[in-house]
Amino acid sequence: MDTRAAIHVEGTRTDVAEVKLERFIFVEDAPFHQKMADRVYNHLVRKIFESELEQGSRILEADIAKELSISIIPVREAMLRLHHEGWVKQFPNRGSTVSDYRAPERLKQLYQVRQVLETGIFYKAAATITDKQLAVLNDIVGEIEVAHQKNQVLAYREVDADFHQKIAYFAGGSRMLRIFEPVLLQCFCFGILYKNIQKYDVETRLPKASHRSLCNALKAHDAALAAKLILEHITESERVDNM
C-alpha cells in the first residue's frame, strides 16, 4: 500500500472500497512516517495548484529549505521528482523554474497523454467497479454539482480532481495513481483557466454535465461507453482551458 499523504486506509482493511483518498494537493501535514522529501513535494505541488507559484516562476532549493526549516537534501530529492514528472525544469547552476505550458501546443501534448491514460483507466474501472466505490463517486459528483451551482471555480476543480483520482485508484491501485496523478493535476494547474482565474466563472467556462453520465456508464459496467465518455470529457476540458 502506498504510504503517501494522498492515501489513508480506514481501519485495517486494504480493499480499495475502504480506501479514502485525501485531496492530495491540499494535504497540509503529512503523517510522521512519510518521507520529508514527499512533504516537500506535496508542499510545492500545492503551491503550483493554488497559483502561488506561477508558470515560469523560479524555485530556489535554499529558499524552500529555509521556508520549511529543513536541510537541502530532501528538497533536492523532491525537486528531482518534480522534474521527472514534468512539474519543473531544472537548469545547471541556475536552479529550477515551474514548467510553462502557456504555448497551446505544449498544453495539447499534456492532454494527449491524459487521454491515453484515462481512457484505459475508465475501460478497466467499468469492468471492476463495486457498489461501494460507485457510492463514493456519486457523493463526489454531488459535491461537483454544488460547486457548479454556487459558481465556485477552485472548489469545482478540487472535487473534480478527487473524482478522477479515485477512479484511477479503483482501476489500478496505488501504482496506477502514481502514474496518472501528476498528469491529471498538471492539466488542472497549467490550463489557461488558471492564468486569469478571476476572469472566469463556472457557468460559462467549465464542463458541467458529464460526471453523472460517467458514473452511470461505470455502474452499467459498459467499458466501451465509459471510455467514449471520458474521451469526450477530456476533449471538452481541453477546449475550455484554451478559450
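If you're wondering where the values come from, they're calculated on a predicted model, not measured in any experiment.

1. Some remarks on the overall build of the protein
Consideration 1: Counting its regular elements, the protein contains nine helices and five strands.
Consideration 2: Along the protein, helices and strands appear, N-terminal first, in the series β-β-α-β-α-α-β-β-α-α-α-α-α-α.
Consideration 3: As presented, the protein carries roughly 11,700 Å² of accessible surface, and 52% of it is formed by carbon and sulfur atoms.

2. Points about the pattern of salt bridges
Opposite charge on two side chains lets them pair, provided their charged atoms get close.
Consideration 1: Going through the model one piece at a time under the given rule, you end up with eleven salt bridges.
Consideration 2: A salt bridge links Lys 47 to Glu 67, with the nearest nitrogen and oxygen atoms 3.5 Å apart. Of this pair, Lys 47 sits in helix H1 (residues 36-49) while Glu 67 sits in helix H2 (residues 61-68), and the two are 20 residues apart along the sequence.
Consideration 3: The class for Lys 47 is buried, based on a relative accessible area of 12%.
Consideration 4: With relative accessibility at 42%, the residue Glu 67 sits in the partly exposed group.
Consideration 5: Glu 85 is paired through a salt bridge with Arg 81; the nearest N and O atoms lie 3.2 Å apart. In this pair, Glu 85 and Arg 81 both sit in helix H3 (residues 72-85), four residues apart, roughly one turn of the helix.
Consideration 6: Of the residues examined, Glu 85 reaches a relative accessible area of 23% and is grouped as partly exposed.
Consideration 7: Through salt bridges that share partners, Arg 46, Lys 47, Glu 52 and Glu 67 make up one connected network.

3. Notes on helix H4 (residues 104-128)
Consideration 1: Here H4 contains 25 residues, and its C-alpha end-to-end distance of 36 Å stays within 8% of the 36 Å for a straight helix at 1.5 Å per residue.
Consideration 2: Listing the buried residues of H4 in full gives Leu 107, Leu 110, Tyr 111, Arg 114, Glu 118, Thr 119, Ile 121, Phe 122, Ala 125 and Ala 126.

4. A short note on the packing of aromatic side chains
Both the distance between ring centres and the angle between the ring planes are used here to describe each pair of aromatic rings.
Consideration 1: Counted according to the given criterion, the structure contains zero aromatic pairs.
Consideration 2: Above the plane of the ring of Tyr 41 lies Arg 81, whose end atom (NZ or CZ) is 3.5 Å from the centre.
Consideration 3: In this structure, Arg 106 packs its charged tip against the face of Tyr 101, placed 4.3 Å from the ring centre.

5. Observations concerning the environment of Ala 220
Consideration 1: Residue placement: Ala 220 occurs in the loop between helix H8 (210-219) and helix H9 (223-241).
Consideration 2: Along the backbone, Ala 220 and Ala 127 are 93 residues apart, and their C-alpha atoms lie at a distance of 9.3 Å.

6. Some points on the side chain of Lys 166
Consideration 1: Assignment of secondary structure puts Lys 166 in helix H6 (residues 153-190).
Consideration 2: Within polar-contact distance, the side chain of Lys 166 engages the side chain of Asp 162 at 2.9 Å.

7. A look at the environment of His 233
Consideration 1: Inspection of the secondary structure assignment puts His 233 in helix H9.
Consideration 2: On the basis of relative accessibility, which here comes to 2%, the residue His 233 falls in the buried class.
Consideration 3: Along the chain, His 233 and Gln 115 lie 118 residues apart, while their C-alpha atoms are 9.6 Å from each other.
Consideration 4: His 233 has contacts with Arg 114, Asp 160, His 164, Ser 210, His 211 and Leu 214, leaving out every residue within four places of it along the chain.

Calculation rules
Sequence order as written defines the numbering, with residues in each chain counted from 1. Only residues with pLDDT of at least 70 are given local features in this predicted model, and only at 80 or more are side-chain atom pairs given and counted; all residues enter the totals for whole chains, interfaces and linings. Side-chain numbers here rest on the full set of heavy atoms in the structure, without hydrogens or water. Helix numbering and strand numbering both begin at the N terminus, where a helix is a DSSP run of H or I of at least 4 residues and a strand a DSSP run of E of at least 2. Only the protein chains shown count as cover for residues, with accessible areas throughout obtained via the Shrake-Rupley method and a probe of 1.4 Å. By convention in these notes, a salt bridge is any Lys or Arg side-chain nitrogen within 4 Å of a carboxyl oxygen on Asp or Glu. Summary of the burial criterion: residues with accessible area below 20% of their type's maximum are buried, those above 50% are exposed, and those between are partly exposed, where the area comes from a 1.4 Å probe applied to protein chains only. Take the residue count of a helix, subtract one, and multiply by 1.5 Å to get its expected span. Planes of paired rings set the category: under 30 degrees apart is stacked, over 60 is edge-to-face and the rest tilted, where pairs are Phe, Tyr or Trp rings (Trp by its six-membered ring) whose centres lie within 6.5 Å. Counting as a charge over the ring demands two things of the Lys NZ or Arg CZ atom: a distance within 6 Å of the ring centre and an angle within 35 degrees of the ring normal. Any pair of nitrogen or oxygen atoms within 3.5 Å is treated as a polar contact; in protein, a donor-acceptor pairing is required on top of that, and neighbouring residues in sequence qualify only through side-chain atoms on both sides. Note on contacts: a residue pair is in contact if any heavy atoms of the two residues lie within 4.5 Å.

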